[in-house]
Amino acid sequence: MATTLEVGTTLPAWELPLTPTIIVSTAIATRDFQDVHHDRDIAQAAGSKDIFMNILTSTALCQRYVEDTLGHDVEIRGIAIRLGAPAYPYDTLTFTGEVSEVGDDEVVLKVTGAVSLGAHVIGTVRVAR
């Protein structure tokens, strides 16, 4: 890992504009064929404003954020997340991160992906030191 990480180090923000194509294609790419991720009428009938991002994509984007920031040779040891506000098309998903722990062989990052409604995904990503 080329970057020196200490507790409190913040990672640069990353913004991802969300389009219907991103929401639908990533659901399909993760083999999540649940209709609320690709059919607006069904999503709205189920009480949602629109289609929304699936948890597999949210997890993958947490990984991408960390790898893009720390380098693609970083060893991801674990990702643990919770979902919050839905990520709808025509919004922006903004990732931020901070080093919360530094051990002898591992660094723990607190990662948040927020949309206009609030935190979409909150979690930790553990990487090898």
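Our subject is the structure that appears above.
This one's a predicted model, so the numbers in the text were calculated from it and none came from an experiment. (Residues numbered from 1 in each chain as written. Predicted model: local features only at pLDDT ≥ 70, side-chain atom pairs only at ≥ 80, totals over all residues. Heavy atoms only, no water.)

1. As for the overall build of the chain
- Regarding its fold elements, the chain presents 3 helices and 5 strands.
- When its helices and strands are written in sequence order, the chain yields β-α-α-α-β-β-β-β.
- What you see for the chain is a C-alpha radius of gyration of 16 Å, in line with the 14 Å of a compact globule of 129 residues.
- Its C-alpha atoms give the chain principal-axis dimensions of about 50 × 25 × 20 Å.
- Considering only residue pairs separated by 6 or more positions, the chain has 64% of its internal contacts joining residues 24 or more positions apart.
- When the 9 positive and 17 negative side-chain charges of the chain are each reduced to one mean point, those points stand 2 Å apart. (Helix = DSSP H or I, 4+ residues; strand = E, 2+ residues; numbered from the N terminus. Rg over C-alpha atoms; globule rule 2.2 N^0.38 Å. Contact = heavy atoms within 4.5 Å. Lys, Arg positive; Asp, Glu negative; His and termini not counted. Charge placed at Lys NZ, Arg CZ, Asp CG, Glu CD.)

2. Side note on the pairing of strand 3 (residues 92-102)
- Bridge count for strand 1 (residues 10-17) against strand 3 is 6 bridges, and the pairing is antiparallel. Bridge pairing in strand 3 places Leu16 opposite Leu93.
- Taken together, the 8 bridges between strand 3 and strand 4 (residues 106-115) define a ladder with antiparallel strand orientation. Bridging from a neighbouring strand, Val102 pairs with Val107 of strand 4.
- Where strand 3 hands over to strand 4, the hairpin turn is made up of 3 residues, counted between the paired strands. (Pairing = 2+ DSSP bridges.)

3. Regarding helix 3 (residues 55-70)
- Over its 16 residues, helix 3 runs 23 Å from end to end, which matches the ideal 22 Å to within 8%, given 1.5 Å per residue.
- When helix 3 is considered as a whole, its buried residues turn out to be Thr57, Ser58, Leu61, Cys62, Tyr65, Val66, Glu67 and Leu70.
- The elements touched by buried residues of helix 3 are strand 1, helix 1 (20-29), strand 2 (76-83), strand 3, strand 4 and strand 5 (118-128).
- In the segment just after helix 3, Gly71 is the residue with positive phi, at about 115 degrees. (Expected span 1.5 Å × (residues − 1). Buried < 20%, exposed > 50% of the residue type's maximum accessible area, 1.4 Å probe, protein only.)

4. A look at the packing of aromatic side chains
- Counted under the stated rule, the structure contains 2 aromatic pairs.
- Relative to Phe95, the ring of Trp14 has its centre 5.6 Å away and its plane inclined at 20 degrees; by these criteria the two rings are stacked. Taken together, the residues Trp14 in strand 1 and Phe95 in strand 3 connect sequence positions 81 residues apart.
- By relative accessible area, Trp14 is classed as buried at 18%. (Phe/Tyr/Trp six-rings, centres within 6.5 Å; stacked < 30°, edge-to-face > 60°.)

5. A short note on unusual backbone geometry
- The phi angle at Arg31 is positive, at roughly 60 degrees, despite the residue not being glycine.
- Looking at the element boundaries, Arg31 is found in the loop between helix 1 and helix 2 (40-45).
- Non-glycine residue Tyr90 carries a positive phi angle of around 70 degrees.
- Take Tyr90: it is sitting in the loop between strand 2 and strand 3.

6. What to know about the side chain of Asp32
- Tracing the backbone through its elements, the reader meets Asp32 in the loop between helix 1 and helix 2.
- Polar side-chain contacts of Asp32 include one of 3.1 Å to the side chain of Asn54. (Polar contact = N/O pair within 3.5 Å; in protein donor to acceptor, adjacent residues only side chain to side chain.)

7. Here we look at the sheet that holds strand 4
- The strand order 1-3-4-5-2 describes an open sheet built from 5 strands, whose pairing is antiparallel. On the outer flanks of this sheet lie strand 1 and strand 2, each paired with one strand and no other. For this sheet, the mean inter-axis angle between neighbouring strands, taken without regard to orientation, is 20 degrees.
- By the bridge criterion, 10 bridges tie strand 4 to strand 5 in an arrangement that is antiparallel. By the bridge assignment, Val115 is partnered in strand 5 with Gly118.
- Here helix 3 sits on the sheet in contact with strand 1, strand 2, strand 3, strand 4 and strand 5, set at roughly 135 degrees to strand 2. (Axes fitted to C-alpha atoms, helices over the stretch in contact; angles between N-to-C directions.)

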